[in-house]
Amino acid sequence: MMRGHCAVRIASRYDNGSCCVALMPSRGNLIVRRTGCIIRGMKAERKSTAEGDSMRIGIDLGGTKIEVIALSNEGQELFRKRTDTPRFDYQQTLQAIAGLVHDAEAATGETGTVGVGIPGTLSPVTGRVKNANSVWLNGQPFDADLSALLQREVRVANDANCLAVSEAVDGAGAGFPVVFAVIIGTGCGAGIALNGQVHSGGNGVAGEWGHNPLPWQDEADRLFKGMADCYCGKHGCTELFISGTGFMADYTALTGEVCKGAEIIRRLSQGDLPAEQVMVNYEQRLAKALGQVVNMLDPDVIVLGGGMSNVDRLYQTVPSLIRSRVFGGECDTPIRKAVHGDSSGVRGAAWLWPKA
Ligand SMILES: [Zn+2]
């Protein structure tokens, strides 16, 4: 069946033009089952494309802050505001987001499409949030509830996917068809953008290679791995090694001293030997992790965000280290720092509604 033959067209982040095969009412919304995926949206009679809306509103829902941005069709920032996240209160979290959308529309005098980046993902099976470290979101039909509250379809994606989209649209990955974007901060998340749009996968976990075991582990890696289990319940996850938290833990293991990442970097610049050793370890581990990505996805560009992405040395050392991990020994994949920095999440959420 070709595009346009569906009884109802509902745009969503999963919308790739494939056909609907069944419609079932659920909580006043529709769940549309199609080959291999589920999409959720508002009532059938509501037009659900960005047609007629020139403004895009993006929300970055973090564990401590919620940020809103309004972008023009050209990506110009029209409005921005932050508020505290009502932690452990789901209903108040919804209300806070709705309030920010209202503020953006009141300030600009326009209505907009709404995209939200969350620190988790929507299960394509249940339509509910899973894997969120803001645990009060887990198990909630977040997109359906927010859609009902705002009386329009809302698109929701993982925050690392929003980074990928933001950088693919007008950032470090602009012009590249396949963008792999990594957040290396407190934890490690990653997302994939294909032609500027989220690829979240049939299970909603595309890009979550941070919870694969670190490949090519050597003796130092095995010793480090023995110190901590991952919060996901697995052992030896890549996140443990290449997050900023892992970087700091390695320094503590070597020196017995608890030290923030920025301080380790400062000591590195002064010739501190333990700092040099943990940086060499880190570069090797990041190269192993990204070499695995190249062997699997072979993206056109790798974009780094999060605190560790500010270590300029990584962009000199890691590309050549990756080469030895890639099948055939060739790898010229550019590795770039995210252009939009801390704004990538909120900008990417806005771009979940791409230009028409
Ligand atoms: Zn894990």
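Just above, that's the structure.
Remember, it's a predicted structure, so these values are computed and weren't measured experimentally.

How each quantity is defined
One numbering rule holds for all chains: residues counted from 1, following each sequence as written. Local features in a predicted model are, by the rule used here, given only for residues with pLDDT of at least 70; side-chain atom pairs are given and counted only at 80 or more, and totals for whole chains, interfaces and linings are based on all residues. Under the DSSP-based scheme used, a helix requires at least four consecutive residues in state H or I and a strand at least two consecutive residues in state E, with every element numbered from the N terminus. To assign burial, the other C-beta atoms lying within 10 Å of each residue's own C-beta are counted, with C-beta atoms placed from the backbone; 20 or more indicates buried, 12 or fewer indicates exposed, and intermediate counts indicate partly exposed. We call two residues in contact when their backbone-placed C-beta atoms lie within 7 Å. Strand pairing is defined by DSSP finding a minimum of two bridges between the two strands. To count as a nonpolar core, a set of buried Ala, Val, Leu, Ile, Met, Phe, Trp, Tyr and Cys residues must be joined through C-beta atoms within 7 Å. Between N-to-C directions, angles span 0 to 180 degrees; the directions come from axes that are lines fitted to C-alpha atoms, helices contributing only their stretch in contact. Multiplying 1.5 Å by the residue count of a helix minus one yields the expected span of that helix. Note on angle classes: values under 35 degrees are labelled roughly parallel, values over 145 roughly antiparallel, values of 65 to 115 roughly perpendicular, and the remainder oblique. Crossing handedness: left-handed means the near helix sits turned counterclockwise from the far one by under a right angle, and right-handed means the same turn made clockwise. Residues were grouped as follows: Ala, Val, Leu, Ile, Met, Phe, Trp, Tyr, Cys and Pro as nonpolar; Asp, Glu, Lys and Arg as charged; and all remaining residues, including Gly, as polar.

**Some words on the overall build of the chain**
Part 1: Within the chain one finds 10 helices and 15 strands.
Part 2: Here the chain, with 356 residues, has 44% of them falling under the buried criterion.
Part 3: Within the chain, contacts between residues separated by at least 24 positions form 62% of all contacts whose residues are at least 6 apart in sequence.

**Some details on the pairing of strand 6 (residues 77-84)**
One face of the sheet, then the other: side chains in a regular strand alternate in exactly this way.
Part 1: Of the pairings in the sheet, the one linking strand 5 (residues 65-71) to strand 6 comprises 7 bridges and is antiparallel in character. Looking at the pairing, L71 lines up with E77 of strand 6.
Part 2: Between strand 5 and strand 6, which pair antiparallel in sequence order, lie 5 residues; one of them, G75, sits at a positive phi of approximately 90°.

**Examining the environment of M308**
Part 1: Following the sequence through the fold, M308 ends up in the loop between strand 14 (301-305) and helix 9 (313-323).
Part 2: M308 sits 125 residues away from I183 along the chain, and the two C-alpha atoms are 8.4 Å apart.
Part 3: Setting aside residues no more than four positions away along its own chain, M308 makes contact with I184, G185, G244 and F247.

**Quick look at the nonpolar core**
Part 1: Ranked by size, the top nonpolar core spans 83 residues in total, and within it I59 and V116 carry the most contacts.
Part 2: With residues near it in sequence (within four places) discarded, I59 still touches I66, V68, I97, L100, V114, V116, G117, V346 and A349.

**A short note on the sheet that holds strand 4 (residues 55-61)**
Part 1: On the basis of which strands lie adjacent, the open sheet formed by 5 strands has the order 6-5-4-7-10 and mixed pairing. Each edge of the open sheet carries a strand with a single partner, namely strand 6 and strand 10 (154-158). Between one strand axis and the next, the sheet turns by 15° as a mean value, whatever way the strands run.
Part 2: Helix-sheet contacts for helix 2 (residues 142-150) involve strand 7 (112-118) and strand 10, and the interaxial angle to strand 10 is about 150°.
Part 3: Along the sheet face, helix 3 (residues 159-170) touches strand 4, strand 7 and strand 10 and points at about 100° away from the line of strand 10.

**Some points on the pairing of strand 11 (residues 178-184)**
Part 1: Most of strand 11 sits inside the fold, with 6 of its 7 residues counted as buried.
Part 2: As paired strands, strand 11 and strand 12 (residues 188-194) are joined by 7 bridges and run antiparallel to one another. From the neighbouring strand, I184 faces strand 12, where its bridge partner is C188.
Part 3: Between the antiparallel neighbours strand 11 and strand 12 lie 3 residues.
Part 4: Where strand 11 lies against strand 14, 5 bridges are found, and the strand directions are parallel. Looking at strand 14, one finds that I183 is bridged to G305.

**Quick look at helix 3**
Part 1: Taking 1.5 Å per residue, 12 residues should reach 16 Å; helix 3 reaches 17 Å between its end C-alpha atoms and fits that length.
Part 2: Counting buried positions along helix 3 yields 11 of 12 residues, so the element is predominantly enclosed.
Part 3: Here helix 3 has its buried residues at D159, A160, N161, C162, L163, A164, V165, S166, E167, A168 and V169.

**Let's talk about the packing of helix 1 (residues 90-108) against helix 2**
Part 1: In the contact formed by helix 1 and helix 2, the axes pass within 10 Å of each other and the chain directions differ by 45°. Comparing the axis directions of helix 1 and helix 2 gives the class oblique. Viewed along their axes, helix 1 and helix 2 form a crossing whose handedness is right-handed. Note on element contacts: helix 2 touches helix 1 through D145, L146, L149 and L150, opposite L94, I97, A98 and V101.
Part 2: Its residues assigned to classes, the contact of helix 1 with helix 2 shows 7 nonpolar, no polar and 1 charged.

**As for the packing of helix 7 (residues 261-269) against helix 8 (residues 273-296)**
Part 1: At their nearest, the axes of helix 7 and helix 8 sit 8 Å apart, and the two run at 110° to each other. The angle between helix 7 and helix 8 places the two elements in the roughly perpendicular class. The crossing of helix 7 and helix 8 is left-handed. In this structure, helix 7 uses I264, R267 and L268 to contact helix 8, whose residues at the interface are A275, E276, V278 and M279.

Function-wise, these values are silent; they only describe arrangement.
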